[in-house]
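Chains, contacts and geometry: an overview
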Amino acid sequence: MKKTAVVTAGTGGIGLETALGLAVAGFAVTVIGRDAERGAKAVERINASGPVRPARFLSADLASLDQVRALAARIAADHAASGEPLTVLVNNVGAMFAERQSLGGVEASFVVNHLSPYLLTELLLPTLTDGAPSRIVNVTSGAVVVAKRVFDAVEPPGGYYGFHWYGRAKLANLAYTLDLAARLDGTGVSVFAADPGGAATDMTNGTMADPKIVSPALRLLWPLVRRTFERSTSGPASAAARPSLMAATDDTLTGRTGIVIGAQAHPVAPHRAAADPRVAEAVRRLSERHAPLALT
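These lines cover the structure that appears in this document, whether it is placed above or below. (Residues numbered from 1 in each chain as written. Predicted model: local features only at pLDDT ≥ 70, side-chain atom pairs only at ≥ 80, totals over all residues. Heavy atoms only, no water.)

Okay, the pairing of strand E8 (residues 189-194) next. In terms of burial, E8 is largely enclosed, as six of its six residues are buried. Residue alternation in E8 divides its side chains into two sets, Val189, Val191 and Ala193 and Ser190, Phe192 and Ala194, and both sets are buried. In this sheet, E8 lies alongside strand E7 (residues 134-139) in parallel orientation, the contact comprising six bridges. Residue pairing across strands places Val139 opposite Ala194, the latter belonging to E8. Bridging between E8 and strand E9 (residues 259-261) involves three bridges; their strand directions are parallel. Across the sheet, residue Phe192 finds its bridge partner in E9, namely Ile259. (Buried < 20%, exposed > 50% of the residue type's maximum accessible area, 1.4 Å probe, protein only. Helix = DSSP H or I, 4+ residues; strand = E, 2+ residues; numbered from the N terminus. Pairing = 2+ DSSP bridges.)

Put into structure tokens, the structure is as follows:
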């Protein structure tokens, strides 16, 4: 059976290394990104690795839920027309914002880190189910430990602190991942979270220099925390891609679901709040409200 994979934010950093690894493993890879020039370079690099089939690039700004919808429709239509299964979806997209930003009236970090992968996944579920056995891999982050666990609204109470809000959006996505795994159990679609640990990427380079991204309580300790974080994000993106590649391809995970693959590329216990059914229910309601599957 032909194996196909879609990797979001796959034109650089961890996403590109994930795409390269999948191509080497025999997948026909589609990388998603905003920039056509970067997309062309990514495809060139993947194809230079001698894949079974050439890679391709699809352009989409995943900060726009309208473009997410169009992307899902394109991918679903392509697979329906070709008759080929979609066997792996890697939601690698992520972003941290030093200053509060709004996308379509919704706080940007929550859109990019949760609503976007949530919506793409939900819209592609029929295609992934048709292609079963298939896998969904959502990239998470250790920043979930600093997250506020209140999901009555997109924006938590209090001031905006980019690192904490990034962690909260990733916590929402992790709770969704575990909830989705339970929902799809027995369908042939396995769902995993992958924690890349740290790597020097466009997102981390320079972002951590601004102490305003953390709350005042943490700011006094920020020089120490920042040095520790920067040491952990100085490794190559190829190493940070290993958890995603394991989640997407490892034979020992066949038939399993709802597992978090840690930074050392082995299963770890999920963050406690992400496994709380009350958090999952609140995230589900919030996601359905701000990223409805059917537009009215």
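Next comes the rest of the write-up.
Below, the discussion takes up the packing of helix H5 (residues 162-184) against helix H10 (residues 277-290). At their nearest, the axes of H5 and H10 sit 9 Å apart, and the two run at 105° to each other. The angle between the axes of H5 and H10 places the two elements in the roughly perpendicular class. Contacts between H5 and H10 involve Ala172, Ala175, Tyr176 and Asp179 from the former and Val279, Ala280, Val283 and Arg284 from the latter. When the residues that make up the contact of H5 with H10 are grouped by side-chain class, the tally is six nonpolar, no polar and two charged. (Axes fitted to C-alpha atoms, helices over the stretch in contact; angles between N-to-C directions. Parallel < 35°, antiparallel > 145°, perpendicular 65-115°, else oblique. Contact = heavy atoms within 4.5 Å. Nonpolar A, V, L, I, M, F, W, Y, C, P; charged D, E, K, R; others polar.)

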